[in-house]
Structures are given as C-alpha cells and as structure tokens.
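Inside the fold
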Amino acid sequence: MIGIFDARDGSPKVVIEISGSKEGYKKQITALFDTGHSGSLSLPILDLIDIGAQLSSVGEAELANGYPIPVLYFSVKVIVDGVEKQVLASMIDNPKSTEAICGVELFSSHIALVNFKKQELKFVKAEEVEEKKE
Amino acid sequence: MTNPNPEEKPTQPKPPTNIQEIIDKGNKIYDGLKNALEPIQNGKYIVIEVNSGKQFIGNTTDEAIASAKKEFPTQIMFIRRIGQGDKASRYSLNFNPCYQ
C-alpha cells in the first residue's frame, strides 16, 4: 500500500491491489483517499467486472434531494500491507467515473499522516505508533 | 426439471429475485426493529437476511457482513447504517465529498 499525491489534481491517493472471483487475478488501482468516505472502498463498475467481483449485499443511500437510490455492495479482496482483507466495495454506477475511492474503514488499523505542504501521504500501523509511545 | 406435483405449494419461502425487493423487505424489517436499535446502536451497521429476518450488527460494514456471510454465504442481504442512513454524492455513494 503506497500513499501518493497525484500531481495532476493534487489529491491524496493510495495504490492498492484488488481481486475478486477470478482465480489468481489481481489488479493494481490508484484510489482517491477520502476521509469523508465512511466505507472501505467504492469501485467503478468496470473495475468490478474486470476482477469478477460478486454481489454481496444491497442497501440504499440518500441523494441531497432526499431521494433514495439503491446501492450495490460487492465482495472484494484488498491487499493492505501484504495482508489480504475481505471488504465490501460499493459500486460507482456512473460509467463516466473511472476513479476508485477508498474510505476510512479500509485503514481502520492505521494512522494516516497527510502532509499537504510537502504533498506526502503515509500510513503507519497504529500498533507500531503505540509501541513507540510506550 | 418439471415439478411432479404442480399444485403443491413450495414450503420454503421464495428468495427475493430482484434488488428492489430485497431493499423493500429489508427496510420493512428494519422499521420494525427501529425502536430497539435507535439510538443505542446508532452509527453501527445492520445486515438483514430478508427471508429469515435474521440480523447481524457490526461496528463497520465489513464486520457486519463478515458475521452474516458465515451463516448465509451465498445470500444477497440488505445492509444499512443504524440511525441516519448513508448519503450519496455525485462521485460515489457512502461518501461526503471533501476534495472538490
């Protein structure tokens, strides 16, 4: 898992590997890191198809005008620090949107260090920081 | 394969065949549980298997679905946040935009 600042748009991003039901197939993606995203991951529909992600659950989300829309959640494996983690990825159904978004749930065991001045994004395991404090 | 006795009604509940049906059933079950869940469990996530009505609660979506999938590995289930539901944005879902 590598944190970067994308020079094209100045956004903090994370390079991760994802996989679905296709045996042995892993895809490297660059996802926008957003602390306002309460879930683990949102993936464009084409990425979900590419890795063969399977539909796991459904729910609803509310648009700004109060109108509810269905949300599809897929089972996706993500490699975080060499460890494979099974997460729920919501589908970005806008075909124009090709960028994945990763949320805070994916990094729940990490501390994110964002240096906007130096344009750096680093992830440190929470337990390592706690050990150093002790 | 044809049913040897077409007049015999199936004993198992028919699983929902479309997404909206799962959402509608899930919301109906959730509404019945609302008073017991809110506000104590607000912010947690609930997964409901809509045929059995069985619920699984977790601090995160991943936690809630992981326990539900142990019992219903292939079933498509209903998921929602307890209390205020998730918001959708122009980028994605479950997401409050902050880099615009």
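Residues numbered from 1 in each chain as written. Chains lettered and ligands numbered in written order. Predicted model: local features only at pLDDT ≥ 70, side-chain atom pairs only at ≥ 80, totals over all residues. Heavy atoms only, no water.

**A look at unusual backbone geometry**
- The step from E38 of chain B to P39 of chain B runs through a cis peptide bond, and the omega angle for that step is 0°.
- Positioned with a positive phi, Q119 of chain A is a non-glycine residue whose angle comes to about 55°.
- Mapped onto the elements of the fold, Q119 of chain A is located in the loop between β9 (110-115) and β10 (120-125).
- Judged by relative accessible area, Q119 of chain A falls into the partly exposed class, the value being 39%. (Helix = DSSP H or I, 4+ residues; strand = E, 2+ residues; numbered from the N terminus. Buried < 20%, exposed > 50% of the residue type's maximum accessible area, 1.4 Å probe, protein only.)

**As for the pattern of salt bridges**
Residues and elements named next belong to chain A.
- Considering all chains together, one arrives at 7 salt bridges over all chains under this definition.
- With a shortest N-O distance of 2.8 Å, D6 and K13 are connected by a salt bridge.
- Note that D50 and K27 form a salt bridge whose closest N and O atoms lie 3.0 Å from each other. Highlighted residues: D50 in helix α1 (residues 45-51) and K27 in strand β3 (residues 27-33), separated in sequence by 23 residues. (Salt bridge = Lys/Arg side-chain N within 4 Å of Asp/Glu carboxyl O.)

**Examining the side chain of K69 of chain B**
- Topologically, K69 of chain B is positioned in helix α2 (residues 61-71).
- Polar contacts involving the side chain of K69 of chain B include one to the main-chain carbonyl oxygen of S56 of chain A, which spans 3.4 Å.
- Other than its neighbours up to four places away in sequence, K69 of chain B contacts S56 of chain A together with T74, Q75 and M77 of chain B. (Polar contact = N/O pair within 3.5 Å; in protein donor to acceptor, adjacent residues only side chain to side chain. Contact = heavy atoms within 4.5 Å.)

**Focus: the nonpolar core**
- Counting 25 residues, the largest nonpolar core has I18, L41, L43, V76, V78 and L106 of chain A as the members making the most contacts within it.
- Put simply, the parts of the chain that give this core at least two residues each are β2 (11-19), β3, β4 (41-44), α1, β6 (68-80), β7 (83-92), β8 (100-102) and β10 of chain A.
- The residues contacting L43 of chain A, other than those within four sequence positions of it, are I18, I29, L48, V76, A89, S90, M91, I92 and A100 of chain A.
- Ranked by size, the runner-up nonpolar core spans 13 residues in total, among them V71 of chain A together with Y45, M77 and I79 of chain B. (Core = buried A, V, L, I, M, F, W, Y, C linked by side-chain atoms within 4.5 Å.)

**What to know about the side chain of T61 of chain B**
- Within the secondary structure layout, T61 of chain B lies in helix α2.
- Assessed through its relative accessible area of 3%, T61 of chain B is described here as buried.
- Not counting residues up to four positions away in its chain, the partners in contact with T61 of chain B are L88 and E105 of chain A together with Y45 and I79 of chain B.

**As for the interface of chain A and chain B**
- Each side of the interface is counted separately: chain A has 33 residues, and chain B has 28 residues.
- Together, the buried faces of chain A and chain B total about 2,600 Å²; carbon and sulfur atoms form 55% of this surface.
- Of all residues in chain A, the largest losses of buried area upon contact with chain B belong to V58, E60 and E105 of chain A, amounting jointly to 21% of the total for that side.
- Linking chain A with chain B are 10 residue pairs in polar contact (both at pLDDT 80 or more).
- Elements represented by at least two residues in the side of chain A that touches chain B include exactly β5 (54-62), β6 and β7 of chain A. (Buried area = accessible area lost by both parts, 1.4 Å probe.)

**Considerations on the packing of aromatic side chains**
Residue and element names in this part refer to chain A.
- Overall, the coordinates contain 5 aromatic pairs over all chains when judged by the stated rule.
- Taking the centre distance of 5.4 Å and the plane angle of 85° together, the rings of F33 and F107 count as edge-to-face. With F33 in strand β3 and F107 in the loop between β8 and β9, the pair connects residues that are 74 residues apart, well separated along the chain.
- Using a relative accessible area of 6% as the deciding quantity, one classes F107 as buried. (Phe/Tyr/Trp six-rings, centres within 6.5 Å; stacked < 30°, edge-to-face > 60°.)

**So, helix α1 (residues 19-37) of chain B**
- The sharpest bend along α1 of chain B measures roughly 40° and falls at D31 of chain B.
- For α1 of chain B, the complete set of buried residues consists of I22, I23, G26, N27, Y30, L33 and L37 of chain B.
- Where α1 of chain B is buried, its residues touch β5 and β6 of chain A together with β1 (45-49), β2 (54-58) and β3 (77-81) of chain B.
- For α1 of chain B, the N-terminal capping position is held by N18 of chain B, with its side-chain oxygen 3.1 Å away from the main-chain nitrogen of Q20 of chain B. (Bend = angle between axes of the 7 residues up to and from the residue.)

Without other data, these values stay purely geometric and don't point to any function.
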